[in-house]
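Breakdown of the fold
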Amino acid sequence: SQQGEEDPQALSIQEGENATMNCSYKTSINNLQWYRQNSGRGLVHLILIRSNEREKHSGRLRVTLDTSKKSSSLLITASRAADTASYFCATGNSGGSNYKLTFGKGTLLTVNP
Amino acid sequence: SQTIHQWPATLVQPVGSPLSLECTVEGTSNPNLYWYRQAAGRGLQLLFYSVGIGQISSEVPQNLSASRPQDRQFILSSKKLLLSDSGFYLCAWTHEDTQYFGPGTRLTVL
């Protein structure tokens, strides 16, 4: 079953604008991650935030995590046409040998030049 | 550095035919390995994961099976494909809670 649910399902913006995607989940987590997928390709890891963290930055990416609301957001600042892709959130369980990620359905981001 | 390979990249198979998709990882030892399927416009569904040679955990009952004959090799198989097996199959391994994905295999069952 799907743990994370991204919102919106699709987002279209102009180059230079900021893009915000949200993710909600249902059960307790060890970490939450965001991945990017270009059409027809594998997923690429963007950023990981642990359950005891509230905010994390990586270049033009900013991720927040609110464990009380079971939600996360991914902000891409100053977007570029090359940012066009699907973005997925994934929640990690408690770890160890049975470590698994549960992925949402993704947000399709289109950045228009 | 670690790399993960999948082949074939694309496959078209008739209903009822067998399937074998291969995934290999280089540059690491004893990785946790995962098979996912992605239907068109959907998220990833975890099919199988493996913590070691010969150790396979199945996440959903289905027409597929997995095997891990060597430490860095993970194989997805079927004896008889169904139309519903069509999709994009992704292999991944885990390092420090992050998963690294292969390029995927696009399977079309006709």
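Preceding block: the structure.
Only a predicted model underlies this, so the values are computations on that prediction, with no experimental measurement involved.

All names here are of chain B. Strand order in the open sheet made by the four strands is 1-3-8-7, with antiparallel pairing throughout. Among the strands making up the open sheet, the edge pair consists of strand 1 (3–7) and strand 7 (65–70). Going from strand to strand, the sheet's axes swing by 20 degrees on average, the running direction of each strand aside. One ladder, built from five bridges, connects strand 1 with strand 3 (residues 19–26); its direction is antiparallel. Paired with His-5 across the bridge in strand 3 is Thr-24.

Moving on, we come to the sheet that holds strand 1 (residues 5–7) of chain A. All names here are of chain A. Spatially, five strands are ordered 1-3-8-7-6 in an open sheet, and the strand pairing comes out antiparallel. The sheet terminates laterally at strand 1 and strand 6 (55–58), the two strands that pair on one side only. Neighbour to neighbour, the strand axes of the sheet diverge by 20 degrees on average, direction disregarded. Relative to strand 3 (residues 19–24), strand 1 is paired through three bridges, and the arrangement is antiparallel. In the sheet register, Glu-5 faces strand 3, and the bridge partner there is Ser-24.

The subject of this paragraph is the pattern of salt bridges. Counted according to the given criterion, the structure contains eight salt bridges over all chains. The shortest N-O distance in the salt bridge between Arg-62 of chain A and Glu-55 of chain A comes to 3.1 Å. Its relative accessible area of 39% is what places Glu-55 of chain A among the partly exposed residues. Arg-68 of chain B serves as the salt-bridge partner of Asp-71 of chain B, at 3.4 Å between the closest nitrogen and oxygen. Overlapping salt bridges bring together Arg-36, Arg-60 and Asp-83 of chain A as one network.

Residues and elements named next belong to chain B. Along the chain, the position of Ser-78 falls in strand 8 (residues 73–78). Under the relative-accessibility criterion, Ser-78 is labelled buried at 5%. Side-chain polar atoms of Ser-78 contact the backbone nitrogen of Lys-80, separated by 3.3 Å. In this structure, Ser-78 is in contact with Pro-18, Leu-19, Asn-63 and Leu-64, ignoring residues within four places of it in sequence.

What follows deals with the packing of aromatic side chains. A full pass over the atoms with the stated rule returns nine aromatic pairs over all chains. With centroids separated by 5.5 Å and ring planes inclined at 85 degrees, the aromatic side chains of Phe-103 of chain A and Tyr-36 of chain B adopt a geometry described as edge-to-face. Of this pair, Phe-103 of chain A sits in strand 10 (residues 101–103) while Tyr-36 of chain B sits in strand 4 (residues 32–38), on two different chains. With a relative accessible area of 1%, Phe-103 of chain A lands in the buried category. Of the aromatic side chains, those joined through ring pairs into one cluster are Tyr-35 and Phe-103 of chain A together with Tyr-34, Tyr-36, Tyr-49 and Phe-101 of chain B.

Reading guide: rules and limits
Residues numbered from 1 in each chain as written. Chains lettered and ligands numbered in written order. Predicted model: local features only at pLDDT ≥ 70, side-chain atom pairs only at ≥ 80, totals over all residues. Heavy atoms only, no water. Pairing = 2+ DSSP bridges. Helix = DSSP H or I, 4+ residues; strand = E, 2+ residues; numbered from the N terminus. Axes fitted to C-alpha atoms, helices over the stretch in contact; angles between N-to-C directions. Salt bridge = Lys/Arg side-chain N within 4 Å of Asp/Glu carboxyl O. Buried < 20%, exposed > 50% of the residue type's maximum accessible area, 1.4 Å probe, protein only. Polar contact = N/O pair within 3.5 Å; in protein donor to acceptor, adjacent residues only side chain to side chain. Contact = heavy atoms within 4.5 Å. Phe/Tyr/Trp six-rings, centres within 6.5 Å; stacked < 30°, edge-to-face > 60°.

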